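Breakdown of the fold
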Number of protein chains: 2
Amino acid sequence: MNIAFIGLGTMGAPMARRLLDAGFAVTVYNRTPSRMTPLAEAGAKTAASPQEAARGADVAITIVSDTPDVEEVVLGEDGLIHGLAAGATVVDMSTVAPEAAVRMADRLAERQVGFLDAPCSGGSEGAQNGTLSIMVGGDASTLDAVRPVLDVLGSKVTRIGGVGAGQICKAVNQVVIAGTYAAVAEGLAFAMAAGVDADAVRDAIGSGAAGSWCITNRGSYMTSGAYPLGFKTRLHRKDLLIALEAARSRGVPLPLTAAVEQQETELIRRGFGDEDVSNLARLAREAAGLDA
Amino acid sequence: MNIAFIGLGTMGAPMARRLLDAGFAVTVYNRTPSRMTPLAEAGAKTAASPQEAARGADVAITIVSDTPDVEEVVLGEDGLIHGLAAGATVVDMSTVAPEAAVRMADRLAERQVGFLDAPCSGGSEGAQNGTLSIMVGGDASTLDAVRPVLDVLGSKVTRIGGVGAGQICKAVNQVVIAGTYAAVAEGLAFAMAAGVDADAVRDAIGSGAAGSWCITNRGSYMTSGAYPLGFKTRLHRKDLLIALEAARSRGVPLPLTAAVEQQETELIRRGFGDEDVSNLARLAREAAGLDA
């Protein structure tokens, strides 16, 4: 199977490499050409545009940073749409607005090109190890055809519904992360301000009804006050804005998410946008009088 | 070891029975006498007051519903303090204000009676199976002496710090539950309002960074709209009020917790106080336009 792979960032580069290692023929394109060099050395072909990468591809994977970028890569002047043959499939693994997924799918369908939205969670470590959770929107038959590709990238591939449902699922993921991280931050900062051993508290409550991935894996960041990556606060805020707009356009208020987005905006202004999103604890610690 | 056991409610009754089954000599007291009958039939002695239950006891365990109740049982006219000998220990497993724990410990110390605050989580199922998580405040040597008793009741016994630290830990537990449950409710209601398969969403996101005990064990309550016990909303609200006051008195704001407490107050007014606290999803579902 021939794969066009567009976007060699922190996530995309290790994903493209996994596909090469699995034996797929991969043609890569990246806006900054120098990022293509290591993949070319590992056996990838390189292209001068998404359109060029698309020629002869059965599957085109995109993973770029935001909605306008993915629409340019797919539908723009040099976009995939101008290079893919009928019967090919675009798999967009970026986190973008659900409505953009529907728009792209509609345009591609006019050329008999399939589309899946397939955003993922699991971070750069998941990208390297092929342990991403991939949330898929689109036809079940389209997913079946590209599943061998997605199985190289993720350990959990879940079809959520039709086109756009994968992006809704990713938005829900970020919404739940927002409130859960804020809750753990508020609780642990209170424990520290009350003068008890916050690490003993983490241990005592982390396996019961208060337990979460966050308290197990990020609680120690919060009690120590250091927030190594992880997942950047400024990227999480970008995703929350997508979620808030996707909900707003459906008449759904997300008050807890909106409050956390405001906190992240403050953190970004203060220069902490490149820390892990567990730095929500910065604000909880300050509010509790722990830090200056 | 002779044990006085005060408070045979949903939690206390199965805990007292476990201690009997483990071979301890147990004398029970309950304000409503009829609740003592099944334990008497299982081999417990019964007493007409906490003071009477305390005579000859090495350890007195209390698990009653609120701060004034436990202070009455321990320090009141017929309280444990008037029956316990020097060298005995009171273990209060109720969820009450940390300051009340300190007051009781101080009064008991005047009679050379030890004190531990040892609130627990894990619900009535944990009480029956001896799988509670017990969060202990008090001297390490006092804990060592009663640990054989606590090991019958809980699978995890964690010393958090000095007297009151167990109650702080329990307060943090309820704070983290509040925000985590609210986050999961907000996310899943959004998923449903967007028309995607919310159970597929739960499955896709529940094992990653958005994962929690709540989404795994209560997410299906939230998507189905039924909230069987579990842990009652009105009891969780009681615990949140303790946490908010314990934080307030230390100058610590808990804005997320305060917002969830307000939601629980609305649910209680509307007659849903005896449902599981996952019924926070009622309000999220209504806000999302899912229910009338």
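Above this text sits the structure in question.
Scope of this entry: the structure provided in the associated data block. Note that the structure is predicted; figures quoted are calculated from it, not measured. (Residues numbered from 1 in each chain as written. Chains lettered and ligands numbered in written order. Predicted model: local features only at pLDDT ≥ 70, side-chain atom pairs only at ≥ 80, totals over all residues. Heavy atoms only, no water.)

**Describing the interface of chain B and chain A**
Put simply, the test is: In this description, contact between two residues means that some pair of their heavy atoms is separated by no more than 4.5 Å. The quantity reported as buried area is the accessible area (1.4 Å probe) lost by two parts once they are put together, taken as the sum for both. Here, a salt bridge means any Lys or Arg side-chain nitrogen found within 4 Å of an Asp or Glu carboxyl oxygen. In protein, a polar contact requires one atom able to donate a hydrogen and another able to accept it; more generally it is a pair of N or O atoms within 3.5 Å, and residues adjacent in sequence count only if both atoms are side-chain atoms. Secondary structure follows DSSP: runs of H or I at least 4 residues long count as helices, runs of E at least 2 residues long count as strands, and numbering of each begins at the N terminus. Note on residue classes: Ala, Val, Leu, Ile, Met, Phe, Trp, Tyr, Cys and Pro are nonpolar, Asp, Glu, Lys and Arg are charged, and everything else, Gly too, is polar.
Tallying the contact residues gives 55 residues for chain B and 55 residues for chain A. When chain B packs against chain A, the two sides together hide about 4300 Å² of surface, and 73% of this comes from carbon and sulfur. Counting every contact that joins chain B to chain A gives two salt bridges. Linking Asp203 of chain A and Lys156 of chain B is a salt bridge whose minimum nitrogen-to-oxygen distance equals 3.3 Å. In this structure, the connection of chain B to chain A is made through ten residue pairs in polar contact (both at pLDDT 80 or more). Listed by contribution, the elements that provide at least two residues to the side of chain B that touches chain A are strand 8 (132-137), strand 9 (154-161), helix 8 (165-193), helix 9 (198-205), helix 11 (233-248) and helix 12 (255-269) of chain B. Examining the composition of the side of chain B that touches chain A, we find that 21 residues originate from one element, helix 8 of chain B, more than from any other. For the side of chain B that touches chain A, the per-class residue count stands at 37 nonpolar, twelve polar and six charged.

**Points about the nonpolar core**
What counts is decided by this rule: In plain words, nonpolar cores are sets of buried Ala, Val, Leu, Ile, Met, Phe, Trp, Tyr and Cys residues tied together by side-chain atoms within 4.5 Å. Each residue is placed in one exposure class: buried if its accessible area under a 1.4 Å probe, protein chains only, is under 20% of its type's maximum, exposed if it is over 50%, and partly exposed if it falls in between.
Residues Ile160, Phe190 and Ile205 of chain A together with Ile160, Phe190 and Ile205 of chain B are the most contacted members of the largest nonpolar core, which totals 100 residues. In contact with Phe190 of chain B, other than residues within four places in its own chain, are Ile168, Ala171, Val172, Ala243, Ala246, Ala247, Val252 and Leu254 of chain A.

**Observations concerning the pattern of salt bridges**
Residues and elements named next belong to chain B. Tallying each qualifying case throughout the model produces 28 salt bridges over all chains. Between Arg103 and Glu71 there is a salt bridge; the shortest N-O distance is 2.9 Å. Linking Arg103 in helix 5 (residues 98-109) with Glu71 in helix 4 (residues 67-75), this pair joins segments that are 32 residues apart in sequence. A relative accessible area of 21% places Glu71 in the partly exposed class. Where Arg270 meets Glu266, a salt bridge forms, and the shortest distance between an N and an O atom there is 3.1 Å.

**Section: the relation of the copies chain B and chain A**
Filter applied, for reference: A least-squares fit on C-alpha atoms brings the copies together, and the residues used are those whose pLDDT is at least 70 in both copies.
The transform that puts chain B on chain A rotates by 180° and translates by 0.0 Å along the axis, for an RMSD of 0.0 Å. Each copy turns onto its partner about a two-fold axis. Every residue of chain B has its C-alpha some distance from the rotation axis, and the shortest such distance is that of Ser212 of chain B, at 1.9 Å. When the interface residues of chain B are mapped onto chain A, 100% of them again fall at the interface, so both copies present the same face.

**Structural notes on the packing of helix 4 of chain B against helix 5 of chain B**
Residue and element names in this part refer to chain B. Threshold: Angles here are taken between N-to-C directions and fall from 0 to 180 degrees, while the axes themselves are lines fitted to C-alpha atoms, restricted in helices to the stretch in contact. Angle categories are assigned with fixed cut-offs, so that under 35 degrees is roughly parallel, over 145 is roughly antiparallel, 65 to 115 is roughly perpendicular, and the rest are oblique.
Interhelical geometry of helix 4 versus helix 5 gives an angle of 5° and a closest axis separation of 11 Å. When the axes of helix 4 and helix 5 are compared, the pair comes out roughly parallel. Here Thr67, Val70, Glu71, Val74 and Leu75 of helix 4 lie close against helix 5, whose contacting residues are Ala100, Arg103, Met104, Arg107 and Leu108. Per-class residue counts for the contact of helix 4 with helix 5 are six nonpolar, one polar and three charged.

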